[in-house]
Amino acid sequence: MTTNDPLTDRADSAEAQQPSGLKRELKARHLNMIAIGGAIGTGLFVASGASISQAGPGGALLAYAGIGVMVFLLMQSLGEMATYLPVAGSFEAFGTRFVSASFGFATGWNYWFNWAITVAAELVAASLVMRYWLPDSAAWIWSALFLTILFLLNAASVGVFGESEFWFAGIKVITVLVFLGIGVLMILGILSGPSPGLSNWTTGEAPFVGGPASVLAIFMIAGFSFQGTELIAVAAGEADHPERTIPRAIRAVFMRIMLFYIGAIAVIGFLLPYTDPRLLEQGVETVAVSPFTLVFERAGVLGAATLLNAVILTSILSAGNSGMFASTRMLYALALDGKAPRFLSHTNSRGVPMPALLATTAVGGLCFLTSLMGEGKAYTWLVNASGLAGFITWMGIAWCHYRFRRAYVAQGHDPADLPYRARWFPLGPIVALTMCAVVIVGQNYEALVGGIKWHELASSYIGLPLFLALWFGHKWATSSQMVRLEEADLSRQ
């Protein structure tokens, strides 16, 4: 059945809303795990200990809860747009339609760069993890092996990618749930001796250590930990029945991620004092002193470090797998829209954009090689630029949603007719945009204190001028203008 309003007509089949050569094979459980898996990684398993050490259990909880609220608002904005327009280009398409062609161009290339570099970063991390078991092995061999595995998983089909990510993320989820269960039993004094009570929340400066400055510093770290939740929008272009599966995933993901992060930090805060020097150790090579390992060992779990090292390896592969998928789809979408070489828009019979996948794999491999040359300085700059790129994408999501909803109303449509309606508009995207800006500006405010440290400043913020160069360079070359709300493209194709 159709209506007279083309904006509210719903096609009977999902394929009718997928004009490209991609296949809609991702189901709701895949989308759930893609978003959860993107947000649960070494930031939780390893770096959470340093966060508690720096800001105390209360400060860490406050910082992660604050970022959780920001992510919730962003996911609401993303859910509204991705359900209405479920395309592989997502951020690039939203930016082009609702802001300007130049903003869409910059957003798309920024996001591709973000995840292509992330693939390289995960290859380095995977080789470090393998040193735990095989300390004398050559790092590049493991990185080459894992890059081959990630390529094959993405080259098979989107269904194979979704299924592999489901199991990769499932291992992480089960680990966190077991950790929470054991932790609660220890807090209650049922397992491994008497209950610690509130002793670790009242010792020294706890629960808030270092004041607002420490909370702000952890606020930045927490933001990086949550990056990856936006992958739902990229996967929406290949989601089965997106109008049902995307809202379901959006609603479920936030609560689950908050449960995992807030729950895990609370457990660590109860069981380990923030003064424990081992919490300051962070990085995948320090798995033996990860707060998860320390708690598991106290509970009597045999081979806790080996177990967690295996979990971290799957976590790294999961992040690399998602990164390969996200960057490939974004490059494909850019080519489809004429913002990248046209040959990158070709797909094979399985619906895989193979030229874009090969190009992304090559770039990820080349960026990895920079970690082996010149003491890795070029690689460090690449990773820093990539980290900032994620927050720039989040800012773009909030701005695009604000303009999308205004354009929808300006063209005479009722927001009640949207397939999924974000809460608290316009406050939601405005607050999220502001919080992202705070994270971007404050991520290395120490470089501005006590005399400007130019090298640190440039290394931390290199991603921002790169994005602005893409944006205004395209604007200068094409003379593109801001899209008028009354003329924004609201077609669902």
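Residues numbered from 1 in each chain as written. Predicted model: local features only at pLDDT ≥ 70, side-chain atom pairs only at ≥ 80, totals over all residues. Heavy atoms only, no water.

The next thing to look at is the overall build of the protein chain. Each helix and strand in the protein chain was counted, giving 18 helices and zero strands. For the protein chain, the C-alpha radius of gyration of 22 Å lies close to 23 Å, the compact-globule estimate for 493 residues. In terms of principal-axis extent, the alpha carbons of the protein chain reach across some 70 × 50 × 45 Å. Taking all 493 residues of the protein chain together, 60% fall into the buried category. The long-range fraction of contacts in the protein chain, counting pairs at least 24 apart against all pairs at least 6 apart in sequence, stands at 82%. For the protein chain, the accessible area works out to roughly 19,100 Å², and carbon and sulfur atoms hold 67% of it. (Helix = DSSP H or I, 4+ residues; strand = E, 2+ residues; numbered from the N terminus. Rg over C-alpha atoms; globule rule 2.2 N^0.38 Å. Buried < 20%, exposed > 50% of the residue type's maximum accessible area, 1.4 Å probe, protein only. Contact = heavy atoms within 4.5 Å. Areas by Shrake-Rupley, 256 points an atom, 1.4 Å probe, with all protein chains shown as cover.)

Here the focus is a nonpolar patch on the surface. There is a patch of nonpolar side chains on the surface, built from Trp-140, Ile-141, Leu-366, Leu-369 and Leu-372 and spanning about 520 Å² of accessible area. Going through the elements one at a time, helix H6 (139–156) and helix H14 (354–369) are the ones with two or more residues in the nonpolar patch. Here Leu-372 shows up in the loop between H14 and helix H15 (377–410). (Patch = residues over 30% accessible without salt bridge, like charges linked within 9 Å, V, L, I, M, F, W, Y side chains within 5 Å. Salt bridge = Lys/Arg side-chain N within 4 Å of Asp/Glu carboxyl O.)

With their axes 9 Å apart at the nearest point, helix H7 (residues 158–187) and helix H13 (residues 304–336) run at an angle of 145° to one another. Relative to H13, the crossing made by H7 is left-handed. Between H7 and H13, the residues in contact are Val-158, Phe-161, Ser-164, Glu-165, Phe-168, Ile-171, Lys-172 and Thr-175 and Leu-308, Val-311, Thr-314, Ser-315, Leu-317, Ser-318, Asn-321, Ser-322, Phe-325 and Arg-329, respectively. Classifying every residue of the contact of H7 with H13 by side-chain character gives eight nonpolar, seven polar and three charged. (Axes fitted to C-alpha atoms, helices over the stretch in contact; angles between N-to-C directions. Left-handed = near helix turned anticlockwise from the far one by under 90°. Nonpolar A, V, L, I, M, F, W, Y, C, P; charged D, E, K, R; others polar.)

Now for the environment of Tyr-132. If you trace the backbone, Tyr-132 turns up in helix H5 (residues 101–133). By relative accessible area, which is 35% here, Tyr-132 ends up partly exposed. Through-space distance from the C-alpha of Tyr-132 to that of Ala-305 is 9.5 Å; in sequence the pair is 173 residues apart.

Moving on, we get to the confidence of the model for the protein chain. A residue-level look at the protein chain finds 90% of positions with pLDDT of 70 or above and a mean pLDDT of 83. Low confidence marks residues 1–19, where pLDDT is under 50. Its contacts with residues over four positions away, or in another chain, come to 31 contacts. (pLDDT = per-residue confidence, 0-100.)

Across the junction of Phe-425 and Pro-426, the peptide omega takes the value 5°, indicating a cis bond. Secondary-structure assignment places Pro-426 in the loop between H15 and helix H16 (427–442). Within the chain, Trp-424 stands out as a residue other than glycine whose phi angle is a positive 60°. As for its position among the elements, Trp-424 is in the loop between H15 and H16. Even without being a glycine, Ser-479 presents a positive backbone phi close to 60°. Mapping Ser-479 onto the fold places it in the segment after helix H18 (463–478).

Moving on, we get to H14. Spacing of three or four residues puts side chains on the same side of an α-helix, whose turn is 3.6 residues. Helix length check: H14 (16 residues) gives 23 Å between terminal C-alpha atoms against 22 Å at 1.5 Å per residue, within 8%. Buried within H14 we find Met-354, Ala-356, Leu-357, Thr-360, Thr-361, Gly-364, Gly-365, Cys-367 and Phe-368. Summarising the axial view, the buried residues of H14 lie within an arc of 165°, below the 170-degree limit, and thus occupy one face. (Expected span 1.5 Å × (residues − 1). Arc of directions from axis to C-beta.)

We now examine the nonpolar core. Of all hydrophobic cores here, the largest spans 158 residues; its most connected members are Phe-45, Phe-179, Phe-226, Phe-292 and Trp-394. Broken down by element, the residue count for this core peaks at 18 residues, all from H5. (Core = buried A, V, L, I, M, F, W, Y, C linked by side-chain atoms within 4.5 Å.)

The next subject is the side chain of Ser-77. Among the secondary structure elements, Ser-77 is positioned in helix H3 (residues 47–84). On the basis of relative accessibility, which here comes to 2%, the residue Ser-77 falls in the buried class. A polar atom in the side chain of Ser-77 sits 2.8 Å from the side chain of His-401. (Polar contact = N/O pair within 3.5 Å; in protein donor to acceptor, adjacent residues only side chain to side chain.)

Per the counting criterion, the structure on display carries 29 aromatic pairs. An angle of 15° between the planes, with centres 6.5 Å apart, marks the rings of Phe-94 and Phe-98 as stacked. Here the residue Phe-94 and the residue Phe-98 both occupy positions in helix H4 (residues 91–98), the gap between them amounting to four residues, near one helical turn. Ring geometry for Trp-471 and Phe-472: centres 5.1 Å apart, planes at 15°, overall stacked. What makes Trp-471 buried here is its relative accessible area of 17%. (Phe/Tyr/Trp six-rings, centres within 6.5 Å; stacked < 30°, edge-to-face > 60°.)

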